[in-house]
Amino acid sequence: MPVTQRAIEHVKRMIAGGELRPGDRLPTERDLAAGLGVSRSSMREAIRALTTLGVLEVRHGSGVYVTALRPGDLLETFSVLAEVSQGETLVEVLQVRRMLEPAATALAAARADDAALRRLGALLDRIETGGEGETVAADISFHQAIVEITGNATLVAINDGLSSRTFNARVWRGHREAGLAARLREDHERIYQALCARDPDAARAAATVHVMEVERWLRGALEAGGEG
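Rules used in this analysis
- Residues numbered from 1 in each chain as written.
- Predicted model: local features only at pLDDT ≥ 70, side-chain atom pairs only at ≥ 80, totals over all residues.
- Heavy atoms only, no water.
- Helix = DSSP H or I, 4+ residues; strand = E, 2+ residues; numbered from the N terminus.
- Rg over C-alpha atoms; globule rule 2.2 N^0.38 Å.
- Contact = heavy atoms within 4.5 Å.
- Axes fitted to C-alpha atoms, helices over the stretch in contact; angles between N-to-C directions.
- Parallel < 35°, antiparallel > 145°, perpendicular 65-115°, else oblique.
- Left-handed = near helix turned anticlockwise from the far one by under 90°.
- Nonpolar A, V, L, I, M, F, W, Y, C, P; charged D, E, K, R; others polar.
- Polar contact = N/O pair within 3.5 Å; in protein donor to acceptor, adjacent residues only side chain to side chain.
- Pairing = 2+ DSSP bridges.
- UniProt positions renumbered as here; feature names shortened; annotations may be inferred.
- Expected span 1.5 Å × (residues − 1).
- Bend = angle between axes of the 7 residues up to and from the residue.

Per an unreviewed UniProt entry, the chain goes by FCD domain-containing protein and derives from Streptomonospora mangrovi.

Asks: Just to check I follow, could you spell out the overall build of the chain for this structure?
Replies: Helix and strand content of the chain: twelve helices and two strands. Secondary structure elements in the chain, listed N-terminal to C-terminal, are α-α-α-β-β-α-α-α-α-α-α-α-α-α. Against the compact-globule benchmark of 17 Å for 228 residues, the chain has a radius of gyration of 22 Å, which places it well outside the compact range. Looking at the chain alone, contacts between residues at least 24 apart form 69% of all its contacts between residues at least 6 apart.

Asks: Would you explain the environment of Val 55 in this entry?
Replies: Following the sequence through the fold, Val 55 ends up in the loop between helix H3 (40–52) and strand E1 (56–59). Each C-alpha atom, one on Val 55 and one on Leu 20, is 11 Å from the other, the two residues being 35 residues apart in sequence. In this structure, Val 55 is in contact with Ile 15, Leu 50, Tyr 65, Val 66, Thr 67, Leu 69 and Leu 74, ignoring residues within four places of it in sequence.

Asks: What am I meant to see in the packing of helix H7 (residues 114–129) against helix H8 (residues 132–149) here?
Replies: A pair of packed helices can be characterised by two numbers: the angle between their axes and the separation between those axes. Where H7 meets H8, the closest approach of the two axes is 8 Å, and the angle between their N-to-C directions is 160°. Taken together, the axes of H7 and H8 lie roughly antiparallel to each other. Taken as a pair, H7 and H8 cross one another with a handedness that is left-handed. Across the interface between the two elements, Ala 116, Arg 119, Leu 120, Leu 123, Leu 124, Arg 126 and Ile 127 of H7 pack against Glu 134, Thr 135, Ala 137, Ala 138, Asp 139, Ser 141, Phe 142, Ala 145, Ile 146, Glu 148 and Ile 149 of H8. A per-class count over the contact of H7 with H8 returns eleven nonpolar, two polar and five charged.

Asks: Would you take a moment to explain the environment of Glu 134 for this structure?
Replies: Here Glu 134 lies in helix H8. Taking the C-alpha atoms as reference points, Glu 134 and Leu 107, 27 residues apart in sequence, are found 27 Å from one another. A polar side-chain atom of Glu 134 sits 3.3 Å from a polar atom in the side chain of Arg 126.

Asks: What am I meant to see in the side chain of Glu 215 here?
Replies: Its place among the elements puts Glu 215 in helix H12 (residues 200–223). Within the local environment of Glu 215, its side chain forms a polar contact with the side chain of Arg 98, the two groups lying 3.0 Å apart. Aside from chain neighbours lying at most four places away, what touches Glu 215 is Val 91, Leu 94, Gln 95 and Arg 98.

Asks: Explanation requested: the pairing of E1 in the structure shown.
Replies: The two faces of a sheet get side chains in turn, since along a regular strand they alternate between them. Alignment of E1 against strand E2 (residues 63–66), held across four bridges, turns out to be antiparallel. Bridge pairing in E2 links Val 58 to Val 64. Hairpin connection of E1 to E2: three residues between the antiparallel strands, including Gly 61 at a positive phi of 85°.

Asks: Teacher, can you tell me more about the side chain of Glu 213 here?
Replies: With respect to the helices and strands, Glu 213 occurs in helix H12. Only 2.8 Å separates the side chain of Glu 213 from the side chain of Arg 216, close enough to count as a polar contact.

Asks: Any chance you could explain the UniProt feature "domain: HTH gntR-type" (unreviewed entry) in the chain here in plain terms?
Replies: UniProt tags residues 1–69 as "domain: HTH gntR-type" (unreviewed entry). Helix and strand shares over residues 1–69 are 51% and 12% respectively, and the end C-alpha atoms of the span are 25 Å apart.

Asks: Help me understand helix H6 (residues 87–111) in this model?
Replies: Three- or four-residue spacings in an α-helix give side chains the same orientation, since the helix completes a turn every 3.6 residues. Its 25 residues give H6 an end-to-end C-alpha distance of 36 Å, which sits within 8% of 36 Å, the value for a rise of 1.5 Å per residue. Maximum bend of H6: about 25°, positioned at Arg 98, with proline Pro 102 one to four residues after it.

Structural data, given as structure tokens:
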């Protein structure tokens, strides 16, 4: 195992074992390096890598600390997947969404309160009446709000990582150019109505249809050479 990776694994074990807890200050770089038998430069690289991953944070003048280890922080770098994926990899991202979104939407149908439904209704209005940029933003917020209703912070972070404003804009633009934008709006309406009815089965079905519609569009665009 490369020296830097060994240092990374050592710090991770300290956290997993409870030796270091969220908010704790790490021993000095010198002490960590000496205890592990690695150079300070290798230890510094390990700390830099764990900082990028959201595990550690450097407080200038104070030291290095374990973060709160919130899922959103730890999975922040995951969001680059949807933003830069192309071709078949993007299809795979949608397939993962097809596994997760219907289950999340079904759970949201069972847990949604009136305030959450009002928020979703307002976002649905923006999807239906907004301009291109507002529609895209409202669409992303609509699905994020649904997942937030589940109360599962890890699922929220994963969903955020699988969402791409750039790709969403391409989906809406492609549907508009094909005269099919109404189909996307109808998908969102069906999801919303299922949530309002507190019907998990209908919510699951509506979310599945929606993701499959986006996947169908993407495959068609790839075959036509319009997406890469």
